[in-house]
Amino acid sequence: MTVVDDAAPVSSFRDPAGSLIRHRGRILRSVRPEAVPDFEAFLATKTAQEATAAAKLVTSTQIEDDDYVVEHERIPFPSYPYEWPAEMLHSAAELTLDLARQSLTEGFGLKDATPYNVLFRGARPVFVDLLSFERREPLDPTWRAYAQFVRTFLLPLLAARTFGVQPHALLANSRDGVEPEALYQWSRPLQRLKSPFLSLVSMPKWLSGKHSEDAAVYQPKAAASQEQARFILESLLKNCSKQLRAVAPTPADSAWTSYLDSKALYSPEQLAQKEAFVSEALELARPARVLDVGANEGHFSAMAAQRGASVVAIDSDPAVAGAIYRRASADRLNILPLVVDLTRPTPAIGWRNQENASFLDRARDMNFDFVMELAVIHHMLVTERIPLPDLLDLTAELTRDFALIEYVAPADPMFKRIVRGRENLYAHLTREYFESAANRRFELVRSVQIDGLQRWLYLFRRRPKQS
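Described in the following lines is the structure provided in the data block.

**Let's talk about the overall build of the chain**
- What the chain contains, in helices and strands, is 17 helices and 15 strands.
- Here the C-alpha atoms of the chain give a radius of gyration of 25 Å, agreeing with the 23 Å that 2.2 N^0.38 yields for 467 residues.
- Dimensions along the principal axes, computed over C-alpha positions, put the chain at roughly 80 × 60 × 40 Å.
- Split into buried and exposed, the 467 residues of the chain put 51% on the buried side.
- In the chain, the share of contacts with a sequence separation of at least 24, taken over all contacts with a separation of at least 6, comes to 69%.
- A total accessible area of about 21,800 Å² is found for the chain, and carbon and sulfur atoms account for 51% of it.
- In the chain, 56 positive and 59 negative side-chain charges are present, and the distance between their average locations comes to 3 Å.

So this is what it looks like as structure tokens:
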């Protein structure tokens, strides 16, 4: 699926059946005449109607007849598989299989099975590429999208579960996922003979050479009856579900998991003071759209979501992003967790760098009215050596109203830990310097020092842009 922006009128080319266009904030899909019958027939199915009602399938409204065009609802913040923790990739796979099974009963099949067919509304996956559904030949027992499902869902999840190589890193380098040969090289000899490696990795590896020159293997072979074809497909999808359960992500530990519980410097009283300040700031600002930078396990993201805000929570650590997703899913919180490092944000990628917008472009389009940067800017200042004025400039770009920032002084133990003996390089980062730099971009609303710590909380309001 390709989204075409107004400034870059390039036709979609991934699906010959139609094109997707973004026009003045609207999401429009042009469907080619030969694809219209299948498109309309699928929308009329019970599967499509129930999935749409359950918010699992994007809504569609026809707006033109001559050139068949439909308008889809706009998902607030589009994200991509190379920004998802393993938990989100797994949920997208579950939705894909559910819709494949349900549509099979009404004579339809998925012609592709890629995570790019799915977006997330908060922590809930939504299938958005309706042209992926097509009428299937009643005697055809094959699911041609199976290999794609394995490469883009099952193998990245298997790599994460077994080797700790996270899906966002694998999918950032390859739109088409992971080949079995790669995991075969990583695996041990005995491991290759055990499930799920045997079926997902070893057998495809062993058979690839044998059939590589045999064109007949790609020719469809009709079943003896419609019932037999459907039984074979149902069995394949059932086996996919079994394989998906076998590679399901498990909660991971990292340097940043359980940070507030056991690894942070805050005492219970200090944490309560910080929570009180954040709560007061949220009550004052009443934001609708929040960006939580360095969200950790989403403690403060949840506070914003519980007050009705739509939250995008970013962190460079996939383990904590996964923890946020598990909590947001369980508690039905409107939080979209992404594996994004603001100092190295996701670039625009794809054909002519126009298929998938950069994180910063999407963030600017979102018009966040509240940005939180709690216990994170000292990491950006020291570890990535981002100058404070540049960091504050970006913060001012990302919020149209409020910014909640935690300033950590060089005397703070955590600051000293990450400086590693280079204190002289950061001696200028005093509270007075921070306040002066912030004052050029923001108006101070309120601030407080956390008792007993060299940390201050600031609620700022962005100054109006000069014309």
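From this point, things continue past the structure.
**Digging into the packing of aromatic side chains**
- Across all of its chains, the model carries 21 aromatic pairs by this definition.
- For the pair tyrosine 407 and tryptophan 456, a centre-to-centre distance of 6.0 Å together with 45° between the ring planes defines the contact as tilted. Note that tyrosine 407 is positioned in strand β13 (residues 399-408) and tryptophan 456 in strand β15 (residues 455-462), a separation of 49 residues in sequence.
- Through a chain of ring-to-ring contacts, three or more aromatic side chains come together here, namely Tyr407, Phe434, Phe442, Trp456, Tyr458 and Phe460.
- The ring centre of tyrosine 184 lies 4.0 Å from the NZ or CZ of arginine 192, which sits over that ring.

**Topic: the sheet that holds strand β2 (residues 26-31)**
- In spatial order, the strands read β1-β2-β4-β3; together these 4 strands make up an open sheet with antiparallel pairing. Both outer strands of the open sheet, β1 (18-23) and β3 (60-64), are each paired with one neighbouring strand and no more. Each neighbouring strand pair of the sheet contributes to a mean axis angle of 30°, computed without reference to strand direction.
- In the sheet, β3 pairs with strand β4 (residues 69-72) via 4 bridges, with the strands oriented antiparallel.

**Some words on helix α8 (residues 226-246)**
- For α8, with 21 residues, the first-to-last C-alpha span of 30 Å sits near the 30 Å given by 1.5 Å per residue.
- Among all positions in α8, only Ala229, Leu233, Leu237, Cys240, Ser241, Gln243 and Leu244 are buried. Here the buried residues of α8 occupy an arc of 165° about the axis, which is enough to place them on one side. Residues of α8 that are exposed and point over 90 degrees away from its buried face: Glu227, Phe231, Lys238, Lys242 and Arg245.

**Here's the deal with the pairing of strand β6 (residues 118-121)**
- Across 4 bridges, the pairing between β6 and strand β7 (residues 124-127) is antiparallel. Of the residues in β7, the one forming a bridge with arginine 121 is arginine 124.
- Here β6 hands over to β7 after 2 residues, with glycine 122 in that stretch at a positive phi of 65°.

**Re the side chain of arginine 192**
- Along the chain, arginine 192 turns up in the loop between α6 (180-186) and α7 (197-211).
- Buried charge without a partner: arginine 192 forms no salt bridge, and the closest opposite charge is glutamate 181, 12 Å away.
- Excluding residues that lie within four positions of it along the chain, arginine 192 makes contacts with Tyr184, Gln185, Ser187, Phe197, Leu198 and Ser202.

Rules behind the numbers
- Residues numbered from 1 in each chain as written.
- Predicted model: local features only at pLDDT ≥ 70, side-chain atom pairs only at ≥ 80, totals over all residues.
- Heavy atoms only, no water.
- Helix = DSSP H or I, 4+ residues; strand = E, 2+ residues; numbered from the N terminus.
- Rg over C-alpha atoms; globule rule 2.2 N^0.38 Å.
- Buried < 20%, exposed > 50% of the residue type's maximum accessible area, 1.4 Å probe, protein only.
- Contact = heavy atoms within 4.5 Å.
- Areas by Shrake-Rupley, 256 points an atom, 1.4 Å probe, with all protein chains shown as cover.
- Lys, Arg positive; Asp, Glu negative; His and termini not counted.
- Charge placed at Lys NZ, Arg CZ, Asp CG, Glu CD.
- Phe/Tyr/Trp six-rings, centres within 6.5 Å; stacked < 30°, edge-to-face > 60°.
- Lys NZ or Arg CZ within 6 Å of the ring centre and 35° of its normal.
- Pairing = 2+ DSSP bridges.
- Axes fitted to C-alpha atoms, helices over the stretch in contact; angles between N-to-C directions.
- Expected span 1.5 Å × (residues − 1).
- Arc of directions from axis to C-beta.
- Salt bridge = Lys/Arg side-chain N within 4 Å of Asp/Glu carboxyl O.

Purely geometric stuff here, so don't read any function into it on its own.
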